[in-house]
Amino acid sequence: MTKILILADDLTGALDSGVQLARKGAYVKVITNYTYKIELPVKDIDVVVINTETRHLSKEEAYSNTFRVLKDLNLEGIDMIYKKTDSVLRGNIGAELEAVMKATGKNHIQFIPAYPKLGRTTKNGIHYIYGTPISDSIFSKDLRNPITESNVTSIIHQQSDVPVILSDEENRKEGIILHDCCTNQQLEEIYKKLEKQNDLSLLAGCAGFMEMVMLNTKKYKDHLCEIKVDGIKEIIVLCGTTNPVSLKQLEYAEIAGANYIRVSMFDIVQENNWREKFDIELKNFLIKKSRIGLKIIGTTADVIHFEKASQQIADGFGYIAKRVLKNSANTVLMVIGGDTLLSVMKELNVECISPKCELFPGVVLSEFCYENKNRYLISKSGGFGSPQLLIDIFKKLT
């Protein structure tokens with residue numbers, strides 16, 4: 001069995017990439033905390049995914065974290081290292097790609113940033129989302145990582161001097177080799193080409209390219225979701241992001257009959273006793289039945305400097321998750337947003353998650369152990385999906 005190591009800069013990204021291999025029969029473990037000590041390769045685990053928590057760090061800190069994680073691991077027996085990047089190139093792309101190259105001693109890395117299934121494409125070195133350059137999309141207004149540039153080379157060179165070479169320059173194999181890609185068929189062609197060249201040992205990109213990886217396993221079974229989850233009475237959604245795409249999904253579900261409670265960002269940031277005050281409201285909310293078995297806990301965007309308060313808000317949702325699981329035995333927890341998900345897992349002291357399948361592209365069903373009981377988790381990042389996505393998820397799972 002091929003042994004694969006994936007490094008992701010946030011937790012939703014770690015699950016997004018890991019599940020592409022879990023759905024093909026691989027046994028995948030996602031490590032939520034990069035300081036967790038793990039000896040590679042791990043017996044009976046085919047794929048290890050490590051969340052390096054570098055999305056919001058400075059480029060220097062992101063480089064250091066990524067480099068140190070790799071240098072602390074025994075990479076013998078690892079056939080492929082994959083640096084998972086954000087599908088709209090938020091975070092420290094250049095610094096982390098350079099760190100991976102330096103830590104592994106490789107002189108080049110293949111970079112395929114496209115994810116056509118989610119509308120992320122690269123053409124002539126420019127990155128697009130549904131045909132719009134990413135710097136002109138809603139991600140240009142991202143409160144923590146605004147995208148101000150659509151040229152992939154320029155984005156990388158904001159953080160690194162490593163040369164970027166377009167993949168059609170066949171004779172050059174130094175630096176970051178950038179691949180244009182607009183369709184799933186092109187993704188597959190890139191994979192087959194690199195496989196033929198025996199050049200799959202060091203790769204980078206978002207979760208889309210992981211879908212192309214072929215595994216030598218008798219368990220191979222490519223599917224979206226065939227897992228039946230028994231005994232599910234409701235899904236409780238925690239959304240700590242104010243991304244417009246996510247807010248439309250929450251509002252659509254509320255109109256369809258979901259119960260929806262909003263916790264004030266201002267209260268989380270400013271009031272020392274907000275937890276005690278909100279506990280009563282939350283308890284009543286959890287008791288009240290929902291017409292469609294879907295309950296949502298969202299936020300009110302009433303903090304002016306959200307980027308400065310975002311960690312407090314994410315931590316607040318971690319606390320809420322703990323209360324939800326304590327009071328809801330047969331509940332599937334859904335978390336929207338990577339920062340919120342990480343805070344939830346930290347609050348629950350969960351260091352390993354097992355992705356099982358995709359409910360829809362970019363929507364991952366996983367399993368984790370909490371207080372000696374296996375619980376289900378649904379995760380997705382904030383900025384994608386149709387308005388009716390939450391309703392579709394609920395119907396598919398139940």
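Q: Can you lay out the overall build of the chain for me, pointing to particular residues and giving the numbers?
A: Tallying secondary structure elements over the chain gives twelve helices and 18 strands in all. Computed over its C-alpha atoms, the radius of gyration of the chain comes to 20 Å, within 12% of the 21 Å expected for a compact globule of 398 residues. For the chain, the C-alpha atoms occupy an extent of roughly 65 × 45 × 35 Å along the three principal directions. When burial is assessed residue by residue, the chain has 58% of its 398 residues classed as buried. For the chain, contacts bridging at least 24 residues in sequence account for 72% of all contacts bridging at least 6. Split by element, the accessible area of the chain, about 17,100 Å² in all, is 47% carbon and sulfur. The distance from the centre of the 50 positive side-chain charges to the centre of the 50 negative ones in the chain is 6 Å.

Q: Tell me about empty space enclosed by the protein, residues and numbers included.
A: All chains considered together, the criterion is met by two cavities of 30 Å³ or more. Around the second largest cavity sit Lys 3, Ile 4, Leu 40, Pro 41, Val 42, Ile 45, Asp 46, Val 47, Val 48 and Ile 78, which together line it. Along the lines of polarity and charge, the residues of the lining of the second largest cavity split into eight nonpolar, no polar and two charged.

Q: Mind laying out the layout of surface pockets, listing which residues take part and the relevant values?
A: Each pocket or cavity is described by its volume, and for the largest pocket that value is around 690 Å³. Lining the largest pocket we find 40 residues, and of these Arg 90, Asp 142, Thr 241, Asn 243 and Gly 382 sit closest to its centre. Secondary-structure elements contributing two or more residues to the lining of the largest pocket are helix 1 (11-22), helix 10 (306-327) and helix 11 (338-347). Residue composition of the lining of the largest pocket, by class: twelve nonpolar, 17 polar and eleven charged. Lining of the second largest pocket is provided by 19 residues; of these, Glu 53, His 56, Gln 311, Asp 339 and Leu 342 occupy positions nearest its centre. Sorting elements by how many residues they give to the lining of the second largest pocket places helix 11 first, with five residues.

Q: Please provide a residue-by-residue account of the environment of Lys 192, values included.
A: One can find Lys 192 in helix 5 (residues 184-196). Residue Lys 192 is classed as partly exposed on the basis of its relative accessible area, which comes to 49%. Measuring from C-alpha to C-alpha, the distance between Lys 192 and Val 19 comes to 21 Å, with 173 residues separating the pair along the chain.

Q: Outline the confidence of the model for the chain, supporting the account with residue identities and numerical values.
A: Averaged over all residues, the pLDDT of the chain equals 88, while 92% of them reach at least 70. Of all the helices and strands in the chain, helix 8 (residues 265-270) carries the lowest mean pLDDT, 78, while strand 11 (residues 202-205) carries the highest, 98.

Cut-offs applied
Residues numbered from 1 in each chain as written. Predicted model: local features only at pLDDT ≥ 70, side-chain atom pairs only at ≥ 80, totals over all residues. Heavy atoms only, no water. Helix = DSSP H or I, 4+ residues; strand = E, 2+ residues; numbered from the N terminus. Rg over C-alpha atoms; globule rule 2.2 N^0.38 Å. Buried < 20%, exposed > 50% of the residue type's maximum accessible area, 1.4 Å probe, protein only. Contact = heavy atoms within 4.5 Å. Areas by Shrake-Rupley, 256 points an atom, 1.4 Å probe, with all protein chains shown as cover. Lys, Arg positive; Asp, Glu negative; His and termini not counted. Charge placed at Lys NZ, Arg CZ, Asp CG, Glu CD. 1 Å grid on protein atoms, 1.4 Å probe; cavity = no way out; pocket = protein on both sides within 12 Å on 5 of 7 lines; lining within 4 Å. Points joined across faces, edges and corners; volume = space filled by probe spheres on them. Nonpolar A, V, L, I, M, F, W, Y, C, P; charged D, E, K, R; others polar. pLDDT = per-residue confidence, 0-100.

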